[in-house]
Amino acid sequence: MGGVWANRLIGDYNWRFLCMPTPPWQYDRPLPPFYGKDDKLSLLIAVVMGVQHALAMVGGIISPPLLISMTGFKPENQAYLVSAALIVAAIASFIQVMQIKIPGTRYVIGSGLLSVMGVSFSFVPVAQQVITTLSQCACDGEPCTFEGTCVACTSPLVGKCHTPEEAYGKVLGTLLVCCFFQMAISFVSSRVLRRVFPPVVTGTCLVLLGAALIGSGFQNWGGGVYCSSQVLTTRVPCTGNGEVVLPFGHRAYLGLGLVVFFSIIFAEMFGSPFIRNTEVVVGLLVGMIVASNVHYTDCIEGVCTTKRYVTGKQIADAKWMTFLWMRRFPLGFYGPAVLPMLFAFMVTTMECIGDITATTEASHLEPVGEKFEQRIQGAVLADGMNSFLGALGTITPVTTYAQNNGVLSLSRCASRYAGYACCGWLFVIGIVGKFAAIILTIPNCVLGGMTTFLFTGVVVSGIHVLNFGEGLNRRNRFIAIMAIGVGMGVTLVPAWANITGQAAYPFEGNFWPVNPAWSPSFRGFRDSLIIVLTNGFSIGGLIAMVLNLLLPFDKDDAHVG
């Protein structure tokens, strides 16, 4: 009897394989047993496997709300968004893993696999652009911040003049409408979807999305987003690094970011499978420890003061417990954001199909047949419905996370019980308000070192996807060249179609100058197109999709790898 309970609590697993460091020269270590998607796990195995998946996801989940909130949100709202993102990811993952059958139909909600969900990166550039646009304000021709520097203005304010939180409410309201597009896509045959969005289209989108996000990572690594944009003009010093305020690109900022970078490399070289599965969190933790124990000495006219990169004030002020809707954002609708949001939903749909295919293979199941098609349909529908629920819960859309397939393959555990445990861990971390406060005390430069690694993974995933199927044959190379050329160019030189910083009229520029006599509807249509043109992955993905539908196939295209 005691042996039965011990097996239920501890189970039979090769813990040495999971926990012992791996020398780079050792390749013949014994593997643990494989657990299928419906195999029951002992309590300990489920908890440990769940925490692996949760820690592998945390870096990705918290990055989108942090990047969006860096557009001027109040600190308490930033902390709330981090917690809300974790809670929404837990609920969405539970629905995706569980799989719910729709009564009276052959359709399901959820994949029924160990396929966890987190906040999508695809919507970050769009949300940042919309919030920046709606927050633009000017006083006597000089840019100012609404409810900030604009308070001292004695003249009428010019521009949209919304607070970042109000602008974010319009983003959420627009997403609530656009989510139905992905829900509708879920009922389209996956064969049709693969024809319209083959690997050359989705891979191109991922490469361009990652390239745009790497820019945000490097900006934070150098000290901060806003100070990086002013480095050649007003040279505003960088805040967001504790008490330390230095110019952008200072060696102190770069050094702390490198601590994270080299910690991740060290974990990959010498870490156990558990450490390698969670190396992003390991790097962030090491960087945080170093930043907490070093300081910067600033000497002015012989008087020296010591300033710290990490302070505990925000942690002390934070509440222990939190939940969804503790902070609210007034919902609205912003028409010009609809087109880029719809395209972002197309990208996440194809990401979802690719991730579910990879999860199916890693779970030792056949990626063909009626069961597989049902899993694809359920996963895409769950993506759309969870994104709707996420927007109601004040978070931008969620999608399946590819990095967890690596955890699944390395640990050889595809059991859904590990997925349920992962959801439990994410939920607990999310409702603990102190955790979000700790995240917000991480210096920008440390966060930038982590997110640069994370976002580069998106680019590499895109390159990997480009080689699926027939690979980069002549036709696909041509499509990728044209799409990435324009998309990457727009990412590197956004003034090509949009000159930022025009306070009176956002999206002003020489490509399509604004006429004040335009009607609001025509102005909205024009702004919508400008958002697409100035968003690298939107315009690049659109070019790739159109060329894929128009260009003929060569006879030997299917045979070129």
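Residues numbered from 1 in each chain as written. Predicted model: local features only at pLDDT ≥ 70, side-chain atom pairs only at ≥ 80, totals over all residues. Heavy atoms only, no water.

The name an unreviewed UniProt entry assigns to the protein chain is Xanthine/uracil permease, from the organism Physcomitrium patens. Turning to the protein chain, the UniProt annotation filed under Sequence similarities (unreviewed entry) states: "Belongs to the nucleobase:cation symporter-2 (NCS2) (TC 2.A.40) family." Per UniProt, the protein chain carries the Subcellular location (unreviewed entry) text "Membrane". (UniProt positions renumbered as here; feature names shortened; annotations may be inferred.)

Enquirer: Would you explain the pattern of salt bridges in this entry?
Expert: Within the structure shown, the criterion is met by two salt bridges. One salt bridge in this structure joins aspartate 38 and lysine 37, with 3.1 Å as the shortest N-O distance. Salt-bridge contacts for aspartate 38 lead to arginine 416; the nearest nitrogen and oxygen are separated by 3.0 Å. Remark: arginine 416 occurs in helix H17 (residues 416-431) and aspartate 38 occurs in the loop between helix H2 (15-19) and helix H3 (43-69); sequence separation between them is 378 residues. Bridged by salt links that share partners, the residues Lys37, Asp38 and Arg416 form one connected network. (Salt bridge = Lys/Arg side-chain N within 4 Å of Asp/Glu carboxyl O. Helix = DSSP H or I, 4+ residues; strand = E, 2+ residues; numbered from the N terminus.)

Enquirer: Just to check I follow, could you spell out the pairing of strand E8 (residues 303-308) for this structure?
Expert: Within a regular beta strand, the side chains point alternately toward one face of the sheet and then the other, so they alternate between its two faces. Summarising the sheet, strand E7 (residues 295-300) and E8 pair through six bridges and their orientation is antiparallel. Paired with cysteine 299 across the strands is cysteine 304, a residue of E8. (Pairing = 2+ DSSP bridges.)

Enquirer: Would you mind going over the packing of H3 against helix H19 (residues 444-466) with me for this structure?
Expert: When two helices pack together, their arrangement is captured by the angle between the axes and the distance separating the axes. Direction vectors running N to C along H3 and H19 enclose 115 degrees, while the axes themselves pass 11 Å from each other. In terms of orientation, H3 lies roughly perpendicular with respect to H19. H19 is crossed by H3, and the crossing has left-handed handedness. Two secondary-structure elements touch here, H3 through Gly59, Gly60, Ser63, Leu66 and Leu67 and H19 through Leu447, Met450, Thr451, Leu454 and Phe455. The residue makeup of the contact of H3 with H19, split by class, is six nonpolar, four polar and no charged. (Axes fitted to C-alpha atoms, helices over the stretch in contact; angles between N-to-C directions. Parallel < 35°, antiparallel > 145°, perpendicular 65-115°, else oblique. Left-handed = near helix turned anticlockwise from the far one by under 90°. Contact = heavy atoms within 4.5 Å. Nonpolar A, V, L, I, M, F, W, Y, C, P; charged D, E, K, R; others polar.)

Enquirer: Just checking my understanding: could you explain the environment of valine 201 for this structure?
Expert: If you trace the backbone, valine 201 turns up in helix H8 (residues 199-221). On the basis of relative accessibility, which here comes to 1%, the residue valine 201 falls in the buried class. The sequence separation of valine 201 and alanine 483 amounts to 282 residues, and the corresponding C-alpha distance is 8.8 Å. When near neighbours in sequence (up to four residues on either side) are disregarded, valine 201 contacts Val196, Gly541, Ala544, Met545 and Asn548. (Buried < 20%, exposed > 50% of the residue type's maximum accessible area, 1.4 Å probe, protein only.)

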